[in-house]
Amino acid sequence: MVGFQRIFFLLAVGLLLLPQAAVAGVMVVVNPRSSVDHLSRDDVINIFMGRFRQLPNGLPASPVDLPVTERAKPEFYRLLVGKDMDQIAAYWSRLVFTGRTAPPMQAGSVEDMIRYLNANPGAVGYMDSNDVDRRVKAVLELK
Amino acid sequence: MTRIWKRSILGGTFFAVAMVALVVGSLFVMVTLKITDERATNRANTRLMELMASAEQTAAIACFANDVTLATETARGLTLSSDVLDVAVISGGRELARVFRKGARQPPGNVPLPGRLVAPLYSPFNPSEKIGELRLDPNLESIRATVFEEIRYVALLLVLLAAAMVSAVAAVLGVLVVRPVKTMSDQLHVMDAGAGERLPVPRGHEESELGRLAGDINGLTGKLVAAAMKEHELRLQRELDERKYRAIFDNVEAGIFLVDGEFRLKSFNPAFGRLMRLALAERYREIAGFRLSELPWLDGEGLAALVNGCLADNAARSDDLELDLAEGGRRWFNLVLRPVGEGLAQGMASDVTERRLAEQKARQQLVTDDLTSVANRAGLEAVLRARIEAHASAEHTEFALLLVDLDGFKRVNDALGLPVGDEILRNTARRLQSCLYEEDVVARMGGDEFAVIARAGTGEEGVARVAERIVSVLNFSFLVADAPAQLGASVGVALFPGDGRDVPTLLRNAELALDRARANGGHRCQFFDSSMAQAAQALRRLDTDMHLAVRRHEFRLFLQPIVNLLERRLVGAEALLRWQHKERGMVPPDAFIPVAEETGFIREIGLWVLEAACQQLALWQGEGQEYYLSINISGRQVPDGLTPAMLLDATRRHGIVPERLVLEITEGVLINDMVKAQSWLAEVHEKGFRIYLDDFGTGYSSLSYLKRFPVDTVKVDQSFVRDMSDDSSDRKLVEAVVAMAHSLDMQVVAEGVENATQARLLRDMGCCHAQGYYFSRPVPAQDFAAVAEEITRRFALEQ
């Protein structure tokens, strides 16, 4: 009993000491000139998880991932489908095996993503809410 | 052919164990196989489910991403299992992929196969969103084959196990139980217990139930052998006893037999045959049906009653029965029957003819008078009872009872002796019989009294004729020892039923009539009438009263002075008995003295008188008076009622001299029994008592009495004295008596002197003493002193 109590105590302390995500929220963004103003969560999931890559305006959707270094990436998948990055990786490893569906394109940085978004009208990305600016259009806020 | 398992316990045990094991094993195997089947099937199902679960995630991803290749690969991976027939991945109703196991037979069409397993597929990112399903058809043939293989294996194991267990159990049972039992059984089978052999205890079983069984069997065997030996001994003893009893049965003198309710003789001994004078043929006639009732019994009903009574009441019975035998005449047999069960009675017969005859004779003697051979009193009473009984049921059976008394027999008997008396009695019986009818009965009642029962069919006259005839035939005179003797008869008659309806009444009434006949002088016949009974009753009452009178002190002595005429003085008194009856007042002596004499009570009264007289004399002696006192003696008191010793005793007790007491006797005393009276008188006189002869002149007045008896004084009866003054003959008579007395040196007392003339006449003729009303009536004792004074005074005046 004493042992369990001690373990619980240590766990609690550990949790408190974890670095709090500085991310206030994750914003799904598209090309500012896109006619798409809003995407549903399911739309975002279909696009990012490779099921149905088409925007409501009929354009083929092209998802873009942040690099793993960006804190917003795991936050995005956590908020979107409730999975950590390992699980996401395991998912893709099975689909990649068949070669039929590809994972989102990997952007080098937030800036890189912004550029790609501006360059591709069908591109869909995401970023920390604090990083959103006029160069992108937010279509869904994930909290 | 007996089956071995029925003959041998060993074979039987093995067979039974095997059969039981087979049945139980089969059941067990069936249950086990069933369970194994289910478990194997379940296990296959579980395996398939697990297989599906392992592929579910990948299939879901394939579905989510609509990746046919991934789906196909996933399905193919599943079909690698031999249990799987085919796998399909359905996405949104569309078959994304379907793969059949290689080599497996492809089912036709799209029909769902039995046992198809379906697992829903959910979106990897939204567990609540169903995006397809995974279908799996199990390879049933393969699964069955696996299950069957397992079952076969298990069954084999079980059968082997059962066989091994059965063998083991049978072997253990055989060694531990069956073989010892079989051994014991075999040994017991051939064991000769009578020769002392015993069952050995199986080795190693000394303490077990088998050991105890062997011990018990041996114990029981011992007891059985002992019982058998005892039985044998008893049988020997019984045979011995039976021979013994048989000998007794055959040789005993009494006839022994067994008889049943039909009188059939079941068995009888030789003595019975001899007793019953059975012909030889009958003696050996077998039990088959010779009946006891075939014998010539005189009283067949008596025999039937005896046998039936014995068997019906189940109680011993005995009776004497008479048999009219051809040889030997009539014989009496005493039969004693005792029930012995099974409707049989054991009887014993003995010849009791002698005893019966003796009894008959004894009975006859009981009712017969030895002397005269006529009936005695008991016989008479028996006849009377029989006649009275007969009267109740038949007409014209009236009869008369005559009691006959021989007058004067006692005197003759006394005078002539017993042999003569006996001859007279025998003669009387013969004479009585001679004047009677055949059916009339003569009996001797005792002494000289006879009784006759005569038929009274012709009425009272007929009876009277018979009675008169009796009186006349018994009026006989005869010579005995050269002296003529005269006898007569008195007859009292009582008629039945008029004068009494029972024996005692008849006898009493006839006796009363006889008494009357005797009282009337005898030589006559007297019929009973009711006044006799009344008189008798009055007498009885009087008798009772007299007895009471003594206790109630109702008797008194009255004293009548006796004077000396010559010396003119009082010399004594005569004591006279008076009875002051409680209810009837003064009872005159005439009314009770004769009765008292009749009953003998006069003796009691006499003793009382003696006592009272002595008291009076003692009183006078105390007063200095020298009076004497005379008491009257009855004939019944002499000689035993008032012996000289009694007299002497009384006077001594009161301290008086005998000379003061005078005993007055009458001629009757002397006549009754002259010899005894004479000796009594002599003795009394010799003791000093004076004797007066009372009532002189009224009876025989035989002068020889005066000569023979020691009489001191004669008392001249008052009847002479009373008429003396008028009748010169009476005067001369008294004068003669006085003269005669004087000449015999006796004194004279004149009784009944009533006047001065008589007194003077008596004095003139020299009569010394006198008593009578002239001097004084009899007075109570307490008044005597006054009377004495008065008389003394009168004598003084006369001078």
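The model shown is predicted, which means the values in this text are computed figures rather than measured ones. (Residues numbered from 1 in each chain as written. Chains lettered and ligands numbered in written order. Predicted model: local features only at pLDDT ≥ 70, side-chain atom pairs only at ≥ 80, totals over all residues. Heavy atoms only, no water.)

**A short note on the overall build of chain A**
Turning to step 1, where the next piece is worked out: Counting its regular elements, chain A contains five helices and five strands.
Turning to step 2, where the next piece is worked out: For chain A, buried positions account for 41% of its 143 residues.
Turning to step 3, where the next piece is worked out: If you take every contact in chain A between residues at least 6 apart in sequence, the share linking residues at least 24 apart comes to 72%.
Turning to step 4, where the next piece is worked out: Accessible area of chain A: about 8,000 Å², with a carbon and sulfur share of 59%. (Helix = DSSP H or I, 4+ residues; strand = E, 2+ residues; numbered from the N terminus. Buried < 20%, exposed > 50% of the residue type's maximum accessible area, 1.4 Å probe, protein only. Contact = heavy atoms within 4.5 Å. Areas by Shrake-Rupley, 256 points an atom, 1.4 Å probe, with all protein chains shown as cover.)

**Some words on the packing of aromatic side chains**
Both the distance between ring centres and the angle between the ring planes are used here to describe each pair of aromatic rings.
Residues and elements named next belong to chain B.
Turning to step 1, where the next piece is worked out: Throughout the structure, instances matching the rule amount to 22 aromatic pairs over all chains.
Turning to step 2, where the next piece is worked out: With centroids separated by 5.7 Å and ring planes inclined at 80°, the aromatic side chains of Tyr 627 and Phe 784 adopt a geometry described as edge-to-face. One end of the pair, Tyr 627, is in the loop between α17 (602-623) and β19 (628-632); the other, Phe 784, is in helix α25 (residues 784-798), with 157 residues separating them in the sequence. In this structure, Tyr 627 and Phe 784 share a single accessibility class: buried. (Phe/Tyr/Trp six-rings, centres within 6.5 Å; stacked < 30°, edge-to-face > 60°.)

**Here's the deal with the sheet that holds strand β1 (residues 84-91) of chain B**
All names here are of chain B.
Turning to step 1, where the next piece is worked out: Spatially, the four strands line up as an open sheet ordered β2-β1-β4-β3, and their pairing is antiparallel. Of all the strands in the sheet, the pair left with one neighbour each is β2 (94-100) and β3 (117-123). Between one strand axis and the next, the sheet turns by 20° as a mean value, whatever way the strands run.
Turning to step 2, where the next piece is worked out: As defined by bridge partners, β1 adjoins strand β4 (residues 126-138) across seven bridges and the pair is classed as antiparallel. Bridge pairing in β4 links Asp 86 to Asp 137.
Turning to step 3, where the next piece is worked out: Sheet contacts for helix α3 (residues 68-79): β1, β2 and β4; angle to β2, the most-contacted strand, approximately 35°. (Pairing = 2+ DSSP bridges. Axes fitted to C-alpha atoms, helices over the stretch in contact; angles between N-to-C directions.)

**Focus: the pairing of strand β23 (residues 747-750) of chain B**
It is a general feature of regular strands that their side chains alternate between the two faces of the sheet.
Residues and elements named next belong to chain B.
Turning to step 1, where the next piece is worked out: Where strand β22 (residues 713-716) meets β23, four bridges bridge the pair, whose relative direction is parallel. Bridged to Val 714 within β23 is Val 748.
Turning to step 2, where the next piece is worked out: As judged from the two bridges shared by β23 and strand β24 (residues 769-770), these two strands associate in the parallel manner. Of the residues in β24, the one forming a bridge with Val 749 is His 769.
Turning to step 3, where the next piece is worked out: In this fold, β23 hands off to helix α24 (residues 756-764), which returns the chain to β24; that crossover is right-handed. (Right-handed = clockwise from strand over helix to strand, strands pointing away.)

**Side note on the interface of chain A and chain B**
The figure often quoted for interface size is the accessible area lost as the parts come together.
Turning to step 1, where the next piece is worked out: With 14 residues of chain A at the contact, the number on the chain B side is 15 residues.
Turning to step 2, where the next piece is worked out: Regarding the contact of chain A and chain B, the summed buried area is about 1,400 Å², with carbon and sulfur atoms giving 62% of it.
Turning to step 3, where the next piece is worked out: The largest per-residue losses of area from chain A upon contact with chain B belong to A:Arg51, A:Tyr91 and A:Arg94, which jointly make up 46% of the total buried on that side.
Turning to step 4, where the next piece is worked out: Along the contact surface separating chain A from chain B lie one salt bridge. (Buried area = accessible area lost by both parts, 1.4 Å probe. Salt bridge = Lys/Arg side-chain N within 4 Å of Asp/Glu carboxyl O.)

**A short note on the packing of helix α4 (residues 140-190) of chain B against helix α5 (residues 209-251) of chain B**
Residue and element names in this part refer to chain B.
Turning to step 1, where the next piece is worked out: At a minimum axis separation of 11 Å, α4 and α5 run at an interaxial angle of 15°. Here α4 is positioned roughly parallel relative to α5, judged by the angle of their axes. Where α4 crosses over α5, the two elements pack in a sense that is right-handed. Note on element contacts: α5 touches α4 through Leu 210, Leu 213, Ala 214 and Ile 217, opposite Leu 176, Val 177, Pro 180, Val 181, Met 184 and Leu 188.
Turning to step 2, where the next piece is worked out: A class-by-class count of the residues in the contact of α4 with α5 yields ten nonpolar, no polar and no charged. (Parallel < 35°, antiparallel > 145°, perpendicular 65-115°, else oblique. Left-handed = near helix turned anticlockwise from the far one by under 90°. Nonpolar A, V, L, I, M, F, W, Y, C, P; charged D, E, K, R; others polar.)

**Considerations on the environment of B:Ala759**
All names here are of chain B.
Turning to step 1, where the next piece is worked out: In this fold, Ala 759 is placed in helix α24.
Turning to step 2, where the next piece is worked out: Look at Ala 759 and you get buried, because its relative accessible area is 5%.
Turning to step 3, where the next piece is worked out: Considering only alpha carbons, one finds Ala 759 and Asp 250, 509 residues apart in sequence, at a separation of 107 Å.
Turning to step 4, where the next piece is worked out: Excluding its chain neighbours within four sequence positions, the residues that come into contact with Ala 759 are Leu 565, Val 753, Tyr 774 and Phe 775.

**Some details on helix α11 (residues 409-416) of chain B**
Along an α-helix, residues three or four positions apart point the same way, because every turn accommodates 3.6 residues.
Residues and elements named next belong to chain B.
Turning to step 1, where the next piece is worked out: Along α11, the residues classified as buried are Phe 409, Val 412 and Asn 413. Down the axis of α11, the sector holding all buried residues measures 100°, keeping them to one side. Opposite the buried face of α11, by more than 90 degrees, sit the exposed residues Lys 410, Arg 411, Asp 414 and Ala 415.
Turning to step 2, where the next piece is worked out: Gly 417, located one to two residues past α11, shows a positive phi value of around 95°. (Arc of directions from axis to C-beta.)

**Observations regarding the sheet that holds strand β5 (residues 255-260) of chain B**
Within a sheet, neighbouring strands are paired by backbone hydrogen bonds and run either parallel or antiparallel to one another.
Residue and element names in this part refer to chain B.
Turning to step 1, where the next piece is worked out: Sheet architecture is open: five strands sit in the order β6-β5-β9-β8-β7, paired in antiparallel fashion. Looking at the sheet topology across the chains shown, the edges are occupied by β6 (265-268) and β7 (317-325). Looking at each pair of strands side by side, their axes are set apart by 30° on average, direction ignored.
Turning to step 2, where the next piece is worked out: Sheet topology note: the β5/strand β9 (residues 344-351) ladder contains six bridges and is antiparallel. If you follow Asp 260 over to β9, its bridge partner there is Leu 344.
Turning to step 3, where the next piece is worked out: Along the sheet, helix α9 (residues 353-366) makes contact with β7, β8 (329-341) and β9, crossing β8 at roughly 115°.

**Re the domain arrangement of chain B**
Turning to step 1, where the next piece is worked out: Along its sequence, chain B is carved into domain 1 (6-164), domain 2 (191-242), domain 3 (252-355), domain 4 (367-528) and domain 5 (541-798).
Turning to step 2, where the next piece is worked out: Relative to domain 4 of chain B, the C-alpha centre of domain 1 of chain B lies at a distance of 148 Å. (Domains from an automatic or database assignment.)

**Looking at helix α15 (residues 530-552) of chain B**
Residues and elements named next belong to chain B.
Turning to step 1, where the next piece is worked out: Under the 1.5 Å per step criterion, the end-to-end length of α15 is 32 Å for 23 residues, consistent within 8% with the ideal 33 Å.
Turning to step 2, where the next piece is worked out: Of the positions making up α15, those classed as buried are Met 532, Ala 536, Leu 542, Asp 543, Asp 545, Met 546 and Ala 549.
Turning to step 3, where the next piece is worked out: Residues of α15 that are buried in the fold lie against α14 (503-519), β15 (525-527), β16 (555-564), β17 (569-581), α16 (589-599) and α17.
Turning to step 4, where the next piece is worked out: A positive phi of about 55° marks His 553, the residue just after α15. (Expected span 1.5 Å × (residues − 1).)

**A look at the pattern of salt bridges**
Residue and element names in this part refer to chain B.
Turning to step 1, where the next piece is worked out: As enumerated under the stated definition, the model contains 46 salt bridges over all chains in all.
Turning to step 2, where the next piece is worked out: Of the charged contacts, one joins Lys 244 and Asp 241 as a salt bridge, the two residues approaching to 3.6 Å between their closest N and O atoms. Of the two residues, Lys 244 and Asp 241 are both situated in helix α5; the distance of three residues between them amounts to about one turn of the helix.
Turning to step 3, where the next piece is worked out: Under the relative-accessibility criterion, Lys 244 is labelled partly exposed at 48%.

**Remarks on the packing of α17(B) against helix α18 (residues 644-654) of chain B**
Residue and element names in this part refer to chain B.
Turning to step 1, where the next piece is worked out: Look at α17 against α18: their axes get within 9 Å of each other, and the N-to-C directions meet at 30°. Crossing angle aside, the handedness with which α17 passes α18 is right-handed. Between α17 and α18, the contacting residues are Leu 607, Leu 610, Glu 611, Cys 614, Gln 615 and Ala 618 on the first element and Met 646, Leu 647, Ala 650, Thr 651, Arg 653 and His 654 on the second.
Turning to step 2, where the next piece is worked out: When its residues are assigned to classes, the contact of α17 with α18 shows seven nonpolar, three polar and two charged.

**Things to note about unusual backbone geometry**
All names here are of chain B.
Turning to step 1, where the next piece is worked out: For the bond from Phe 496 to Pro 497, the omega torsion is 10°, close enough to zero to count as cis.
Turning to step 2, where the next piece is worked out: Cis geometry is found at the peptide bond from Val 638 to Pro 639, where omega equals 5°.
Turning to step 3, where the next piece is worked out: For Pro 639, the position within the fold is in the loop between β19 and α18.
Turning to step 4, where the next piece is worked out: One non-glycine residue, Glu 342, adopts positive backbone phi at about 55°.
Turning to step 5, where the next piece is worked out: Along the chain, the position of Glu 342 falls in the loop between β8 and β9.

**Comments concerning a nonpolar patch on the surface**
All names here are of chain B.
Turning to step 1, where the next piece is worked out: Residues Phe 15, Met 19, Val 20, Leu 22, Val 23, Val 24 and Leu 27 make up a contiguous nonpolar surface patch of roughly 630 Å² in combined accessible area.
Turning to step 2, where the next piece is worked out: Inspection of the secondary structure assignment puts Val 24 in helix α2 (residues 9-64).
Turning to step 3, where the next piece is worked out: Residue Val 24 is classed as partly exposed on the basis of its relative accessible area of 48%. (Patch = residues over 30% accessible without salt bridge, like charges linked within 9 Å, V, L, I, M, F, W, Y side chains within 5 Å.)

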